[in-house]
Amino acid sequence: MIFSENFIEIAYIIATALFILSLKWLSSPTTARRGVWAGEIGMGLAIAGTLLHFGIVDLKLVAIGLVLGAVIGVPLGKVAMTAVPQRTALSHAFGALCVTLVGTSEFYLRAPNIPPFMMAVLSLEVILGSLTFTGSLMAAAKLQELRWPPQRPVTYKGQNFVNLTFLSLAIIVAAVLVLRPDQTRLFPALIFIPLIFGVMLIIPIGGADMPTVISLLNSYAGLSAAAMGFVLNSKLLIIAGALDGSSGFILSVIMSKAMNRSFTNVLFGGFGQIQTAATSEQEAKPVKSATAEEAASILSAASRVAIVPGYGMAVAQAQHKVRELYDALTKRGIDVRFGIHPVAGRMPGHMNVLLAEADIPYDKLMEMDAINGDFPQTDVALVIGANDVTNPAARTVQSSPIYGMPILDVDKARTVMVIKRGMGAGFAGIENPLYYMDSTLMLFGDAKGFVGNIVRELSGGHG
Ligand code: NAP
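Source: prediction; values computed, not measured.

**Considering the environment of A221**
When you line up the elements, A221 lands in helix 8 (residues 210-232). Exposure remark for A221: the relative accessible area of 13% places this residue in the buried category. Considered as a pair, A221 and T132 are 89 residues apart in the sequence and their alpha carbons are 6.3 Å apart.

In structure tokens form, the structure reads like this:
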């Protein structure tokens, strides 16, 4: 027994260290793979330690849970990279449901003998768990573009007030239970009010703001797990939950800064904007288009090129062709760099992952603030499947849902070339004035095919 207790403690300490190292390593693409391994081994040790715990009475149930979890989890892990955000949201939903159920059973097992501090933590666990459960399901459905809930922000007058009222009600119920834990009839309200609040929180959030919310839900799920750690007296759960909660929180702050959104509004679900009629009744304005041959000759005459990838490059899986283009251009002595917007694609770091997969040198990937000053001296800005993150309406059109979001200033380059299949809108569902500028050439086609054609033209022209 002593041996196994010591073993459990040691396994937990190593798991904790591995979680911290994992977060550190995950923050750079060069060490990210190691970070994933560290996280996986840490989680394996944490599970092994927990299974050895003397408190476990029936391993059969645990085995059934493991099999069920694996049956659901393995297919979930095999989604396309573009669907990772909604998959992540689903994971948060499952985690949060689990936290809520554990909190509920702990309450009914212990009531009415629950000390005030324990009841306060248990309430926090259940409130955060319930709101994260419905909030994450809503976010996953919106990102998956299901018919309901609508993807556009749904806003109404007094929305912030309604949301704050729900949150306050939940806090009042929690306060009563802290003082009178024998009032077990009140406990269901502690679950159901935050369940509704979770839905209300996500309804006003649309389009471009969804990534920030996903990372905030990640943070809530972590904090609720940390609260669960207090209730179950598990140091490991407290540490892992706190790491998850704080890293998700920091990411949300970084992303709301990148999107120029108020963080308080993000916290209370009050940053939706009433969608204007931007998407409807667009008159057919003329755009200038060009062929791969023309694009190749413009590129080969350039000395500075900035490539701006977006969601379309991910869908088309064009990153390897983009690498070939990078090689073909640099071989000609052209300076090629990549402008990476913090929310390009469908998940944080999406473009970095794809370009790293294609072995594009990491020092060529420039963050938005680092490259924006260079666009006026750039001969060609080549936009590959990006739309919202290059939309100049974000600077000037106050009624636009992306107003205020910093963008990559590609419109300031001498020539802009945009590869996309047609005039389709991006994630925010709005028109992009970039496409109608005199300096813009539209290159219509699938990103992979079009970039491949340019590469062919460049090598044909070469030899
Ligand atoms: P975007 O605004 O979604 O635009 C992508 C463009 O790619 C579309 O306009 C589409 O136009 C084109 N496209 C699609 N398939 C293509 C293909 N096979 N070949 C060529 N083009 C293709 O993308 P973005 O500029 O990267 O902006 C990302 C947006 O997603 C932002 O609004 C962001 O807030 C949001 N978002 C980001 C995250 C995140 O964490 N990064 C998460 C969720 C949402 P056509 O149909 O005309 O081809």
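**Quick word on the side chain of E125**
Assignment of secondary structure puts E125 in helix 5 (residues 116-143). Buried E125, no salt bridge; nearest opposite-charge side chain is R110, N-O distance 8.3 Å. Beyond its immediate sequence surroundings of up to four residues, E125 is in contact with V99, V102, G103, S224, A227, M228 and V231.

**Details of the domain arrangement of the protein chain**
When the parts come together, some accessible area is lost, and that loss is often what is quoted as the size of the interface. For the protein chain, the domain assignment lists domain 1 (79-273) and domain 2 (292-460). Centre-to-centre separation of domain 1 and domain 2, based on C-alpha positions: 36 Å. Domain 1 puts 18 residues into the contact, and the matching count from domain 2 is 22 residues. When domain 1 packs against domain 2, the two sides together hide about 1,500 Å² of surface, and 71% of this comes from carbon and sulfur. Joining domain 1 to domain 2, the criterion identifies zero salt bridges. Seen at the junction of domain 1 and domain 2, the total is zero residue pairs in polar contact (both at pLDDT 80 or more). Of all elements in the fold, only helix 4 (84-110), helix 8 and helix 9 (235-258) reach the threshold of two or more residues within the side of domain 1 that touches domain 2. At four residues, the largest contribution of residues to the side of domain 1 that touches domain 2 is made by helix 9. Split into classes, the residues belonging to the side of domain 1 that touches domain 2 amount to 11 nonpolar, five polar and two charged.

**Remarks on the packing of helix 5 against helix 6 (residues 159-179)**
The N-to-C vectors of helix 5 and helix 6 enclose an angle of 155°; their axes lie 9 Å apart at closest approach. Put simply, helix 5 runs roughly antiparallel to helix 6. The handedness of the crossing between helix 5 and helix 6 comes out as right-handed. Of helix 6, the residues touching helix 5 (which contributes P116, M119, A120, S123 and I127) are A170, A174, L177 and V178. Counted by class, the contact of helix 5 with helix 6 contains eight nonpolar, one polar and no charged residues.

**Thoughts on a nonpolar patch on the surface**
On the surface, a nonpolar cluster with roughly 360 Å² of combined accessible area is contributed by M43, I47, L51 and L59. Looking at the nonpolar patch element by element, the count peaks at three residues for helix 2 (residues 32-51). Note that L59 resides in helix 3 (residues 59-76).

Calculation notes
Residues numbered from 1 in each chain as written. Predicted model: local features only at pLDDT ≥ 70, side-chain atom pairs only at ≥ 80, totals over all residues. Heavy atoms only, no water. Helix = DSSP H or I, 4+ residues; strand = E, 2+ residues; numbered from the N terminus. Buried < 20%, exposed > 50% of the residue type's maximum accessible area, 1.4 Å probe, protein only. Lys, Arg positive; Asp, Glu negative; His and termini not counted. Salt bridge = Lys/Arg side-chain N within 4 Å of Asp/Glu carboxyl O. Contact = heavy atoms within 4.5 Å. Domains from an automatic or database assignment. Buried area = accessible area lost by both parts, 1.4 Å probe. Polar contact = N/O pair within 3.5 Å; in protein donor to acceptor, adjacent residues only side chain to side chain. Nonpolar A, V, L, I, M, F, W, Y, C, P; charged D, E, K, R; others polar. Axes fitted to C-alpha atoms, helices over the stretch in contact; angles between N-to-C directions. Parallel < 35°, antiparallel > 145°, perpendicular 65-115°, else oblique. Left-handed = near helix turned anticlockwise from the far one by under 90°. Patch = residues over 30% accessible without salt bridge, like charges linked within 9 Å, V, L, I, M, F, W, Y side chains within 5 Å. Areas by Shrake-Rupley, 256 points an atom, 1.4 Å probe, with all protein chains shown as cover.

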